[in-house]
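Examination of the molecular architecture
Listed below, chain by chain, are the residues.
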Amino acid sequence: MVIKKAIIPAAGLGTRFLPLSKFVPKELWPIVDKATIQYIVEEAIASGIKEIVLVVRPGKENILAYLKDVFSAKRVSFSKVYQKEQLGDGHAVLQAKTKEITAVLFGDDIVESKTPALLQMMKVFNKYQRPVIALHKISKEKLSAYGVVKVDKISKGVYKVKDIVEKPSIKQAPSNLAIVGKYIITPEVFSHIKASTKAKGEIRLAGAFQDMLKKGETIYGCEFEGKWLECGNKQAYLKSNLYLSLKHPQFGKELKQFLKKENF
Ligand code: UTP
């Protein structure tokens, strides 16, 4: 089974970056000299994805225009669907109206790695033919801001997910593995998201996975090799920008000299 399609939910309100995000979608903000979402699409293409469905809200169409321009020479097709109400990432994924096995890549989680993170996840999927969630180890103090998994280790970097605990205290955290916004989802995941649309509140992908786990269904975790560069909050966005700027072959050297000169 070869996965050819990726959904990129990019319809969020970006409340952590208001009011700027209201006028310029955060997915288009530069990290060094490229839009954040460009890194995500590069990862998808390098993993063999041929078809990208972008979920946007009215007013964010320029994300699609940008991607079509940047990737015009690549063998990848782009389409957009609207999420008119921001009811959560799971609800955004449903708007793609697909049921096939699909990658889901959030618009603000960049991974710098030798092997693209999605390709590493595809290897896990190919072996087990079950949904896969991207995982990354983070420090204890940060766990309370993430979805954290309880796992059984299968092999190096591969886990069976047993439970998902949202934003746990250090004491409650079942591991130090946080969920990163990259998934491989199967038709059952779509059904579970649909089933949860009757519930009140946000419709989250993590919620659908929790429901599946409760029913005893198997979900795998892939702790990818690479550096996770988050862009969804101000501090992380600045750090990711700084990190990739300092590592940039054209700009890095001079930037480092500048920081030294300025006594940083
Ligand atoms: P986030 O949880 O980071 O939400 O979404 P957000 O709206 O982008 O930012 P904050 O939390 O308000 O600051 C994770 C991913 O899911 C998408 C976002 O665009 C992002 O790529 N998303 C979220 C949607 O497409 N629709 C939604 O209703 C919520």
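Now for a look at the structure at hand.

Rules used in this analysis
Residues numbered from 1 in each chain as written. Predicted model: local features only at pLDDT ≥ 70, side-chain atom pairs only at ≥ 80, totals over all residues. Heavy atoms only, no water. Near = heavy atom within 4 Å. Polar contact = N/O pair within 3.5 Å; in protein donor to acceptor, adjacent residues only side chain to side chain. Areas by Shrake-Rupley, 256 points an atom, 1.4 Å probe, with all protein chains shown as cover. Nonpolar A, V, L, I, M, F, W, Y, C, P; charged D, E, K, R; others polar. Patch = residues over 30% accessible without salt bridge, like charges linked within 9 Å, V, L, I, M, F, W, Y side chains within 5 Å. Salt bridge = Lys/Arg side-chain N within 4 Å of Asp/Glu carboxyl O. Helix = DSSP H or I, 4+ residues; strand = E, 2+ residues; numbered from the N terminus. Buried < 20%, exposed > 50% of the residue type's maximum accessible area, 1.4 Å probe, protein only. Core = buried A, V, L, I, M, F, W, Y, C linked by side-chain atoms within 4.5 Å. Pairing = 2+ DSSP bridges. Contact = heavy atoms within 4.5 Å. Axes fitted to C-alpha atoms, helices over the stretch in contact; angles between N-to-C directions. Parallel < 35°, antiparallel > 145°, perpendicular 65-115°, else oblique. Left-handed = near helix turned anticlockwise from the far one by under 90°.

**Examining the site of the ligand**
- In the vicinity of the ligand lie 19 residues, with Pro-9, Thr-15, Lys-26, Gln-83 and Gly-88 positioned nearest.
- Residue Thr-15 places a side-chain N or O atom 2.5 Å away from an oxygen atom belonging to the ligand.
- For the ligand, an oxygen atom lies 2.8 Å from a polar atom in the backbone of Gly-88.
- With the chains in place, 84% of the 560 Å² that the ligand exposes on its own is no longer accessible.
- Looking at the shell around the ligand residue by residue, the class counts come to seven nonpolar, seven polar and five charged.

**Description of a nonpolar patch on the surface**
- Taken together, Phe-251, Leu-255, Phe-258 and Phe-264 make up a surface patch of nonpolar side chains, about 420 Å² in accessible area.
- Along the chain, Phe-264 falls in the segment after α9 (252-261).
- A relative accessible area of 75% places Phe-264 in the exposed class.

**Here's the deal with the nonpolar core**
- If you look at the biggest cluster of nonpolar residues, it comprises 54 residues, and the most contacted ones within it are Ile-49, Ile-52, Leu-54 and Ile-184.
- Core analysis: the next-biggest nonpolar cluster, separate from the first, contains 31 residues, Val-55, Val-93, Val-189 and Phe-190 among them.

**Concerning the pairing of strand β11 (residues 177-185)**
- For β11, the buried fraction is high: nine of the nine residues fall into the buried class.
- Examined bridge by bridge, strand β6 (residues 102-105) and β11 share four bridges and lie antiparallel to one another. Following the sheet pairing, Thr-102 is matched in β11 by Ile-185.
- With five bridges connecting them, strand β8 (residues 132-137) and β11 associate as antiparallel partners. Looking across to β11, one finds that Ile-133 is bridged to Tyr-183.

**Quick look at the side chain of Glu-27**
- As for its position among the elements, Glu-27 is in the loop between α1 (20-23) and β2 (30-31).
- On the basis of relative accessibility, which here comes to 4%, the residue Glu-27 falls in the buried class.
- The contacts of Glu-27, once residues within four sequence positions are left out, are Ala-10, Ala-35, Thr-36, Ile-37, Lys-60, Ile-63 and Gly-107.

**Observations concerning the pairing of strand β10 (residues 158-166)**
- Relative to β10, strand β9 (residues 147-155) is paired through eight bridges, and the arrangement is antiparallel. In the strand pairing of β10, Val-148 is matched with Val-165.
- Following β9, the chain reverses through two residues before pairing antiparallel with β10; Gly-157 in that reversal takes a positive phi of roughly 80°.
- For β10 and strand β12 (residues 219-223), the ladder comprises four bridges, and the chain directions are antiparallel. Looking across to β12, one finds that Tyr-159 is bridged to Gly-221.

**What about the packing of helix α6 (residues 187-196) against helix α7 (residues 205-214)?**
- Packing of α6 against α7 leaves a shortest axis separation of 9 Å and a crossing angle of 105°. If you check the angle between α6 and α7, you find them roughly perpendicular. Across the interface between the two elements, Glu-188, Val-189, His-192, Ile-193 and Ser-196 from α6 touch Leu-205, Ala-208, Phe-209, Asp-211 and Met-212 from α7.
- Its residues assigned to classes, the contact of α6 with α7 shows six nonpolar, two polar and two charged.

**Some details on the packing of helix α2 (residues 36-46) against helix α3 (residues 62-70)**
- Orientation of α2 relative to α3, taken along the N-to-C sense of each, is 55°, at an axis distance of 11 Å. By the angle class used here, α2 and α3 are oblique. The handedness of the crossing between α2 and α3 is right-handed. Contact residues: Ile-37, Gln-38 and Val-41 in α2; Ile-63, Tyr-66, Leu-67 and Val-70 in α3.
- Partitioning the contact of α2 with α3 into residue classes produces six nonpolar, one polar and no charged.

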